[in-house]
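# Summary of the model geometry
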Amino acid sequence: MDCPVKVISGAGGAILEDVPHLTDWLPNLPTYGNPLKDNPSYAAVGQYFVEDTDVVAKDVVVNIDTAGHGVHFRRAGPRQKIYFKPENVRACIVTCGGLCPGINTVIREIVCGLWTQYGVREIFGIEGGYKGFYSRNTISLNPKVVSDIHKRGGTILKCSRGGHDTQKIVDAIQDREFDQIYIIGGDGTHKGANVIHEECKKRGLKVAVACIPKTIDNDVDIIDKSFGFDTAVEEAQRAINAAHVEAQSAHNGIGLVKLMGRYSGYIAMYATLASRDVDCCLIPEVPFYLHGPGGLIEYVRSRVRENGHMVIVVAEGAGQELLAESMGSLHNHNDASGNRLLLDVGLWLQANLKEHFDKELKEPLNLKYIDPTYMIRAIPSNASDNVYCTLLAHSAIHGAMAGYCGFTVGPVNVRHCYIPIPRVIAKSRNVVVADRMWARLMSSTNQPNFAGYNDAIQQKREQNASEGTEAAKKEPHDVLETGNRQGLPKGPTETSSLLKASETGDPTVPS
Ligand SMILES: Nc1ncnc2c1ncn2[C@@H]1O[C@H](COP(=O)(O)OP(=O)(O)O)[C@@H](O)[C@H]1O
Ligand SMILES: O=P(O)(O)OC[C@H]1O[C@](O)(COP(=O)(O)O)[C@@H](O)[C@@H]1O
Ligand SMILES: [Mg+2]
C-alpha cells in the first residue's frame, strides 16, 4: 500500500515530515476554543499551548554546515484551536499484540485526560484487540473505573493477535459513531492502525486514529524508547542476580537467563550493561556459533576456568537459524498476527552446553536455566514508566482533539512528537552492533565478537561451490553444530579442555 508522508519545507531549510489532518479530506470543519484555557490547573501555566510551527529535529547531532536542515516532526501538545466539540466526542481505546508493563497506565491517562482536560464523557473500551471491534460489546470507561488500574500489570481491555479485518473494524467504528480511536500496540498494531486510518479517510469520516507505541522489545523506530522498557530491564535484574548467585555458589556454575526480544536484543543488552555480572550476552542481531575457535563453547570453557562460574543472558530471538538447522528442520510456524514463532534458544543452549561439558569436566556443569520472560512482561510499570505513559497518553489526546490523525506519539530526542505512522512501520529498530553501546557491552562482558561466524560460513560456501555435491550444497550452519568442522577456521580448542588443563595442574582451573 502506498502511504506517502506529507513533507513540508520550512523557510530555513528544515523538513517537516507531517502527520495527516482531518481537514485534508474535510476542509470546512468548524473549530472550537481549547477548554484547557479555562482549566484551573493548566491555564496557570504560561505558554501552555504549542504553536503549529513548533517542530522537533530528528537528529540533534549534526554537521555545523547543515544544522537545521534535516528531518523534523511536529511537536506534540495542546493546540489553542480544536476540531471536536468535547461534549459530542465518542472516543474508544483498544490494546493489541503482546503485553507490556504500563498499558493500563496509558488507558487510565487517556480516560482521565479526555475527561478532566477536555470534558469528554463518552469513552469506550474495545475488548480483546482489533477483533473486539466487530465481535464484542464495548465497555464504558470513566475516571472511577480506571482509577487504580495503573497498579496492575496486563491490560484491563485484554489484547490479542490476529483478527484484523479492516472493513469490519471501520464498519463498527461507523455504526457506533466513534470519532476518536486510541490504539495501543506495537509494529503490527501500527500497520493495522494505518489501514484503518486510510479506510476512514476513503469513506470521508471525521475519525482521528491516534496510536501509542507499545513494545517491550523496544523495536519501534524513531522514538527514543518505548514505555515499559525500563521496567522490563529493571525486573530482568532480579533474574540475572538469581542466576549469578546460583552460578557463584556451585562448582562449574553457569547461570543462563532468557529474556524477551524477538528481533531486537535491547532488553538483553541493557539488562547486561546494568548488571555487570553477565559474562556473555547473545542477541538476534549478532549471529553466534558454539564450536571452534572464537565460538561460545571455547569462551565458556575459558570463563569457567578463570572464574569458576559464569552468567549468560540470551534474547529469545538469538541464534534462531542456527537452532533450526541444528535441529534438522527449518521452523516456519507463525502466530495469528504473522510473527514467526521462536524455537527455545534457552533450552537448546542448556542442552548443548551440558552435553558438551559433561563429557569434558571432572565434575558436571552446574547449569541453572531461568526463563522469566512472561513474569517480566506481566508486572505493572515502574514510577518513571508511569510518568512516561502519562505524557504519551496526553500527547495522543491533544493530537486527536487538534484534528491530527493517522499518527503515533513518542519522544524524539526527549521532546514528544506526532510521527506519521508510515514512518514507524517502514522498518523496525534493532541494536546497532557498529554502535558504541554494543562496544560498551562487549567491553563489559569480554565476550567474543563471533567474528569467525561469517568466515566459517563463507569458507563453507566456497567449499560447497567447489565440491558441487548434494551434501555439500547444505547451508553451513549445521556443520558448526555437528562436529564436522571442515568449514571452521582451524584452532587448538579440542586440546584445551578444562579436564585436561586441570590434570596438568593448572592452578586457575576450578577443582
Ligand atoms: N500488516 C498488518 N496489517 C493489518 N493488521 C496487522 C498487520 N500486522 C499485524 N496486524 C494486526 O495488529 C495486531 C497486533 O499485531 P502483533 O504483531 O500481534 O503485535 P504488535 O502490535 O505488538 O507487534 C493484530 O491484531 C494483527 O492482526
Ligand atoms: O504473547 P506471545 O504471543 O507469546 O508472544 C511473545 C512475544 O511477545 C513479545 O513480548 C512482544 O511482542 P509484540 O511487540 O509483537 O507484542 C515478544 O518479545 C515475544 O516474542
Ligand atoms: Mg510486534
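In this text, all values refer to a predicted model and were calculated from it rather than measured experimentally. (Residues numbered from 1 in each chain as written. Chains lettered and ligands numbered in written order. Predicted model: local features only at pLDDT ≥ 70, side-chain atom pairs only at ≥ 80, totals over all residues.)

## Topic: the overall build of the chain
Quick reminder of the rule: Helix and strand definitions here come from DSSP, where helices need a minimum of 4 consecutive H or I residues and strands a minimum of 2 consecutive E residues; each element is numbered from the N-terminal end. Our exposure labels follow a C-beta count within 10 Å of each residue's own C-beta, placed from the backbone: buried means 20 or more other C-beta atoms, exposed means 12 or fewer, and partly exposed covers the counts in between. Here the contact rule is simple: place C-beta atoms from the backbone, and any two residues whose C-beta atoms are within 7 Å are in contact.
A tally of regular secondary structure across the chain gives 16 helices and 17 strands. Per-residue burial over the chain gives 48% buried out of 511 residues. Across the chain, contacts joining residues at least 24 apart in sequence account for 77% of those joining residues at least 6 apart.

## Some words on the site of ligand 1
Convention followed: The C-beta atom of each residue is placed using the backbone, and any residue whose C-beta lies within 6 Å of a molecule or strand is treated as near it.
Surrounding ligand 1, one finds 21 residues, the nearest of these being Gly97, Gly186, Gly188, Gly192 and Ser337. Per element, the largest residue contribution to the shell around ligand 1 is six residues, and it comes from helix α4 (residues 187–202).

## A word on the domain arrangement of the chain
As a reminder, the rule being used: Start and end points for every domain follow an automatic or database-based domain assignment.
Taken domain by domain, the chain consists of domain 1 (6–226 + 381–427 + 476–504) and domain 2 (229–378 + 430–466). Computed from C-alpha coordinates alone, the two centres of domain 1 and domain 2 are separated by 31 Å.

## A few points about the site of ligand 2
Operational definition: Only Asp, Glu, Lys and Arg are considered charged, only Ala, Val, Leu, Ile, Met, Phe, Trp, Tyr, Cys and Pro nonpolar, and every remaining residue, Gly among them, polar.
In the region of ligand 2, 15 residues are neighbours, and Gly97, Gly98, Gly186, Met260 and Arg262 sit closest. Here the residues of the shell around ligand 2 sort into two nonpolar, seven polar and six charged. Inspection of the shell around ligand 2 shows a minimum of three residues originating in each of domain 1 (6–226 + 381–427 + 476–504) and domain 2 (229–378 + 430–466).

## Here we look at the environment of Gly10
Relative to the helices and strands, Gly10 resides in the loop between β1 (6–9) and β2 (15–18). Considering only alpha carbons, one finds Gly10 and Arg301, 291 residues apart in sequence, at a separation of 59 Å.

## Observations regarding the nonpolar core
Buried together is how nonpolar side chains tend to be arranged in soluble globular proteins. What counts, and what does not: Put simply, a nonpolar core is buried Ala, Val, Leu, Ile, Met, Phe, Trp, Tyr and Cys residues tied into one set by C-beta atoms within 7 Å.
With 132 residues, the main nonpolar core has Tyr182, Ile267 and Val313 as its most contacted residues. Considering every element that reaches this core, the biggest residue donor is helix α1 (residues 103–118), with nine residues. Two domains each put at least three residues into this core: domain 1 (6–226 + 381–427 + 476–504) and domain 2 (229–378 + 430–466). Ile267 has contacts with Ile216, Asp217, Ala232, Val233, Ala236, Leu259, Met260, Gly261 and Ala315, leaving out every residue within four places of it along the chain.

## Examining the environment of Ser9
Residue position: Ser9 is located in strand β1. Judged by C-beta crowding, with 10 C-beta atoms within 10 Å, Ser9 ranks as exposed.

## With respect to the confidence of the model for the chain
Defined as follows: Residue-level confidence of the predictor is what pLDDT reports, using numbers from 0 through 100.
Overall, the prediction assigns the chain a mean pLDDT of 88, with 88% of residues at 70 or greater. Note on residues 469–511: pLDDT is under 50 here. Beyond four places in sequence and across chains, it has 73 contacts. Listed scores for the predicted complex are pTM 0.89 and ipTM 0.99.

## Here's the deal with the environment of Asn366
Of note, Asn366 is situated in strand β15 (residues 366–370). You can call Asn366 partly exposed: it has 19 C-beta atoms within 10 Å. Separated by 12 residues in sequence, Asn366 and Lys354 place their C-alpha atoms 8.3 Å apart. Asn366 has contacts with Ala250, His251, Asn252, Gly253 and Ile254, leaving out every residue within four places of it along the chain.

## Here's the deal with the pairing of strand β11 (residues 208–213)
Put simply, the rule reads: Note on pairing: DSSP must find at least two bridges between two strands before they are called paired.
Counting buried residues along β11, six of its six residues qualify, which places the element largely inside the surrounding structure. Side chains Ala208, Ala210 and Ile212 project from β11 onto one buried face, and the interleaved Val209, Cys211 and Pro213 project onto a second face that is buried too. Alignment of β11 against strand β16 (residues 407–412), held across two bridges, turns out to be parallel. Directly across from Ala210, in β16, lies its bridge partner Phe407.

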